[in-house]
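Observations on chain architecture
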Amino acid sequence: MQKSKKNKFTIIGGPCAVESRFQVETTYRAIYKHIDVFRAGVWKGRTYPDSYSGYGDGALDWLMQLQSKYSKPVAVEVGTAKHVALALKHNINIVWIGARTTVNSFYVQEIAEALRGTEAELWVKNPIYADLNLWYGAINRMSQVGIKDIKAIHRGFFSENDLKYRNSPRWELVNIFRGFFPDIPVICDPSHISGKSNLLESLSIKAIEENMNGLMVEVHNNPKQARSD
Ligand code: PEP
Ligand code: MN
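Counting from 1, residues in each chain are numbered in the order their sequence is written. Chain labels run from A onward and ligand labels from 1 onward, assigned in the order the entries are written. A pLDDT threshold of at least 70 governs which residues receive local features in this predicted model, and a stricter bar of 80 or more applies before side-chain atom pairs are shown or counted, although totals over entire chains, interfaces and linings include all residues. Values reported for side chains reflect all heavy atoms of the structure, with hydrogen atoms and water molecules removed beforehand.

Right, let's get into the packing of helix α7 (residues 132–144) against helix α8 (residues 171–180). The axes of two packed helices give the description: the angle between them and the distance between them. In this analysis an axis means a line fitted to C-alpha atoms, helices contributing only their contacting stretch, and an angle means the value between N-to-C directions, from 0 to 180 degrees. In this description a helix means any DSSP run of H or I spanning at least four residues, a strand means any run of E spanning at least two, and both kinds are numbered starting from the N terminus. Where α7 contacts α8, the axes come no closer than 11 Å and their chain directions differ by 35 degrees. As for the relative orientation of α7 and α8, their crossing is right-handed in sense. Counted together, Leu132, Trp135, Tyr136 and Ile139 of α7 and Leu173, Ile176, Phe177 and Phe180 of α8 form the full contact between these two elements. Across the contact of α7 with α8, the residue classes break down as eight nonpolar, no polar and no charged. Here is the rule for handedness: rotate from the far helix to the near one, and if that takes an anticlockwise turn smaller than a right angle the crossing is left-handed, while a clockwise turn gives right-handed. In this description, contact between two residues means that some pair of their heavy atoms is separated by no more than 4.5 Å. In this count, Pro and Cys sit with the nonpolar residues alongside Ala, Val, Leu, Ile, Met, Phe, Trp and Tyr, while Asp, Glu, Lys and Arg are called charged and the others, Gly among them, polar.

All right, on to the site of ligand 1 then. Near ligand 1, the surroundings consist of Cys16, Arg39, Lys44, Trp96, Gly98, Ala99, Arg100, Lys125, Arg155, His192 and Glu218. For ligand 1, an oxygen atom lies 2.8 Å from a polar atom in the side chain of Arg39. Separating an oxygen atom of ligand 1 from a side-chain N or O atom of Arg155 is a distance of 2.7 Å. The Shrake-Rupley method, run with a 1.4 Å probe, gives the accessible areas here. Residue values count only the displayed protein chains as cover. When isolated, ligand 1 has an accessible area of 290 Å², and the protein chains bury 94% of it. When each cavity is represented as a set of grid points, ligand 1 is found to reside in the largest pocket. A molecule or strand has a residue near it when one of that residue's heavy atoms lies within 4 Å. What qualifies as a polar contact is a pair of N or O atoms within 3.5 Å, subject to a donor-acceptor requirement within protein and to the restriction that residues adjacent in sequence count only when both atoms come from side chains. Throughout, the protein atoms alone are placed on a 1 Å grid, and a set of points is a cavity if a 1.4 Å probe fits but cannot get out or a pocket if it is open with protein on both sides within 12 Å along at least five of seven lines; lining residues have an atom within 4 Å of a point. Cavities and pockets are treated as containing a molecule whenever more than half of the molecule's atoms lie within 2 Å of their grid points.

It is worth spelling out the pairing of strand β8 (residues 214–218) at this point. Using a 1.4 Å probe on the protein chains alone, a residue whose accessible area is under 20% of its type maximum counts as buried, one over 50% counts as exposed, and one in between counts as partly exposed. Among the five residues that make up β8, four are buried, leaving the element largely enclosed by the rest of the structure. If DSSP finds at least two bridges between two strands, the strands pair. With five bridges joining them, strand β1 (residues 10–14) and β8 adopt parallel strand pairing. Note on β8: the bridge partner recorded for Ile11 is Leu215.

As structure tokens, this is what we get:
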């Protein structure tokens, strides 16, 4: 299916969440020459209702303008069919589903239907808990509607016992996944595995040693003031 694409190492970078026009433009301009795709969370699914949940629809124009001015594609997280429609309307043709969405077959199916017949590229993050079937099922739902360009994102798995990482990498599970979907590129997301910037370098090196197909790293123009991650 995607043999040739698997040989390419994809670098994805950008903020967890869009917070302001200044923040997203400053970050984009600082990194766009060093990455393949700029990521930005426009809508953030949060555990608590008072946590920052992204700038929302208004950020899409900024992202669309940056993408067309600097010709570096932008990817956003989608959690509903409405998000998909808004992203596509703004010419954002790479979308991903987050770890909290991968677990929900209703939302996965709804998002798949919204992508049916489009040329969009889709990334599927592993589910929060180490149930690989949920990851496989979400990918199957997406391929069944005809999406050809699918990547998997390894963002680690919730663990009560891992004192080092926010989410355990569980590399052995990634290898099982790859045995199941040998043609789907797997991108490592060391930011959400580690939860700490001082572990990013060692995790990225490990990801390369594990023959991962790319890295997705969160980048902020002023990390200490970031409103999420
Ligand atoms: C994110 O990418 O900012 C995010 C919330 O990640 P995850 O869905 O992996 O928790
Ligand atoms: Mn994040």
